[in-house]
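# Structural overview for review
Single-letter residue listing:
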Amino acid sequence: MEQVSKSGTPPPPPPRRTPARAAAPTVGARRPFPWGWLFVPLLLGGAGFVGYRLGTADSGSTTSRAGGSFGTGQGGSGSGSAGSGGRSGAAQAGAGQGSAARGAGAGAGGAASGSATGTGTRSAGQAAGAGATGAGRGVATSTVVTPVQVTAATSGTLSTSRTLTGTVAAAQSTTVTARTSGTVTGVGVAVGGSVTAGQTVVTLSNADLNAAVQNAQNALDSARVQLRGQQASTVGGRAGLQAQVTAAQLALTNAQATLQAQQALLAVGAVARSEVAAQQAAVAAAQTTLTTARANLAENERSGAQGVTEAELSVQRAQLALTQAQAAADAARVTAPFAGQVTALNVAPGEYVTANGEAFTLVSRERQVNVNVPATEATTLTPGTILSFTSGAVKYPLKVAQNPGAPTNGSVPLVARFTGDTLPALGAVGSVVYTAKVATGVLIPSTALQADGDQTYVFTVSGGRATLNKVTVLGQAGTQSAVSGIPSGAQVVTQPPTGLLDGGGVSTGDAAARGSTSPAGSPPPGGQP
């Protein structure tokens, strides 16, 4: 209640205020920028970063092998009241879900290997920071299992199909030369014609050779006449001498008989002793005649045999001379050494050809393919190995005929013969296909190989764990590789996912097939982080 002044003088009236004049609006004035709202996202971002760093520090204590694993968890969530509606959303900015790769946690607003929740009643900025701090200090609650596909390694030989370029050539090819000189009198086969072995292709004329043949024939005839004369002379003389021997033998026999008779008469005194002596002289003369006749007969046989022998030798020499002359004359015929096709003629009728001059070129009917094979594979292509040759749209069977083994300019020149009746044209170029041995070892898919510098590894699975194995690659062909360093039958991871580590937990079979529906916290399909 107002007190009234004791004096009778009333208080002076309050001063009159002059109403303020409204300020005239300023043309073009701008509204002030709400700088305060700019600090809200900055505050939220700073709180998230602090939570991320705290989560990273805490996730480092999570157990992992070889410095890397997959870890997931839920970031903590924080909420608070800032005394005004809608500010609680700022406190929840610290909530999030993250995953850790190689033992490091990461998240938006906060990450950890486990989950935690931070709550409090504080201002919007303080609530966001509390939520971030709660997320970084989560506790791991799950074990990482990576889905993989495996296959059993097998022992065997890795082979591959090789394709090289080959050229068709004749199995035999030669340039035939004249064995003697002469003038071409005839050509029996045209270019492209077929001939048989021994067939005359070019005929030469040589008067000297013809004369030599005639002279040799005449000499042979003369020697034969002499032989016949010697044989006749020997036989005729032997008959006369044999008659002389027979007569001398008879005369000796008669003289001996007469001597015996006279000797008997002498014993009785019927004849004179002088007659007996004369008969003894006659017996001695008959004996000498017989000896001479026998000697003459023996001499005749000896000389006759020698004469016949010499005559026979003369005949043989004349026959040899005739044969040589005929051979020289036959050399005037240039013949085909084997059956084939004439591909070139170097002479024409009327031309003079010298000895050893080229007459024509001949190729055989048989065909072959010449191909250069890498030296590392030539040892497996032994004679008799089956190949194939494709020219155009036709495929021809082949068989290795020659393999010299020694490389020329880094490759081995191989010769293969066609085994079928149908043959390609000479000079045709095509593809030679064969199966080559690459290596022998443990066979695995090439996608299983993992390179680290100059070392190669593969993952094998046993007991739900992946094991990193060092291997040596022996050879590769297509999608397969031959290696050493793992046993046959080992379960090999065909396509190791990124982030798979030695000793890490894995699942195969049905578990791998369910990889697309794995719970939160598991690695994504294919192992990509």
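Structure report, in brief. (Residues numbered from 1 in each chain as written. Predicted model: local features only at pLDDT ≥ 70, side-chain atom pairs only at ≥ 80, totals over all residues. Heavy atoms only, no water.)

Turning next to the overall build of the protein chain. A tally of helices and strands in the protein chain yields seven helices and 27 strands. Counting every position in the protein chain, which comprises 529 residues, the buried fraction comes to 33%. If you take every contact in the protein chain between residues at least 6 apart in sequence, the share linking residues at least 24 apart comes to 76%. For the protein chain, the exposed area adds up to about 30300 Å²; of that, 54% sits on carbon and sulfur atoms. (Helix = DSSP H or I, 4+ residues; strand = E, 2+ residues; numbered from the N terminus. Buried < 20%, exposed > 50% of the residue type's maximum accessible area, 1.4 Å probe, protein only. Contact = heavy atoms within 4.5 Å. Areas by Shrake-Rupley, 256 points an atom, 1.4 Å probe, with all protein chains shown as cover.)

Taken as a class, soluble globular proteins show a tendency for nonpolar side chains to be buried jointly. Counting 19 residues, the largest nonpolar core has Val369, Val373, Leu387, Phe389, Leu398 and Phe418 as the members making the most contacts within it. Among the elements that make up this core, the one with the highest residue count is strand β20 (residues 411-418) (four residues). In contact with Leu387, not counting residues within four places along its chain, are Leu381, Pro397, Leu398, Val400, Ala416, Val432, Val433 and Tyr434. (Core = buried A, V, L, I, M, F, W, Y, C linked by side-chain atoms within 4.5 Å.)

This next bit is on the packing of aromatic side chains. Here the structure, examined in full by the defined rule, presents three aromatic pairs. Taking the centre distance of 5.9 Å and the plane angle of 85 degrees together, the rings of Phe389 and Phe418 count as edge-to-face. Pair noted here: Phe389 is in strand β18 (residues 386-391) and Phe418 is in strand β20, with a separation of 29 residues, a long-range link. Of the two residues examined, Phe389 and Phe418, each falls in the buried class. Members of the aromatic cluster, each reached through a chain of ring pairs, are Phe389, Tyr396 and Phe418. (Phe/Tyr/Trp six-rings, centres within 6.5 Å; stacked < 30°, edge-to-face > 60°.)

Counted under the stated rule, the structure contains one salt bridge. Across the pair Arg162 and Glu377 runs a salt bridge whose closest N-O atoms are separated by 2.7 Å. Here Arg162, found in strand β8 (residues 154-170), pairs with Glu377, found in helix α6 (residues 375-378); they are 215 residues apart in sequence, far enough to count as distant. Under the relative-accessibility criterion, Arg162 is labelled partly exposed at 31%. Take Glu377: its relative accessible area is 7%, and that puts it in the buried class. (Salt bridge = Lys/Arg side-chain N within 4 Å of Asp/Glu carboxyl O.)

What follows is about the sheet that holds strand β10 (residues 182-187). Taken together, four strands build an open sheet; the order of strands is β13-β12-β10-β15 and the sheet is antiparallel. The sheet terminates laterally at β13 (333-335) and β15 (352-353), the two strands that pair on one side only. (Pairing = 2+ DSSP bridges.)

Right, let's talk about the sheet that holds strand β11 (residues 194-195) for a bit. With antiparallel pairing, the four strands of this open sheet are ordered in space as β9-β16-β14-β11. Each edge of the sheet is formed by a strand with only one pairing partner; in this case those strands are β9 (173-177) and β11. Relative to strand β16 (residues 358-364), β9 runs antiparallel, the two being bridged by five bridges. From the neighbouring strand, Thr174 faces β16, where its bridge partner is Leu362.

Moving on: the pairing of strand β19 (residues 394-402). Looking along a regular strand, one sees the side chains alternate between the two faces of the sheet. Strand direction decides the pairing type here: β18 and β19, joined by six bridges, are antiparallel. Each residue of the ladder has a partner; that of Leu387, found in β19, is Leu398. Summarising the sheet, β19 and β20 pair through four bridges and their orientation is antiparallel. Note on β20: the bridge partner recorded for Leu398 is Phe418.

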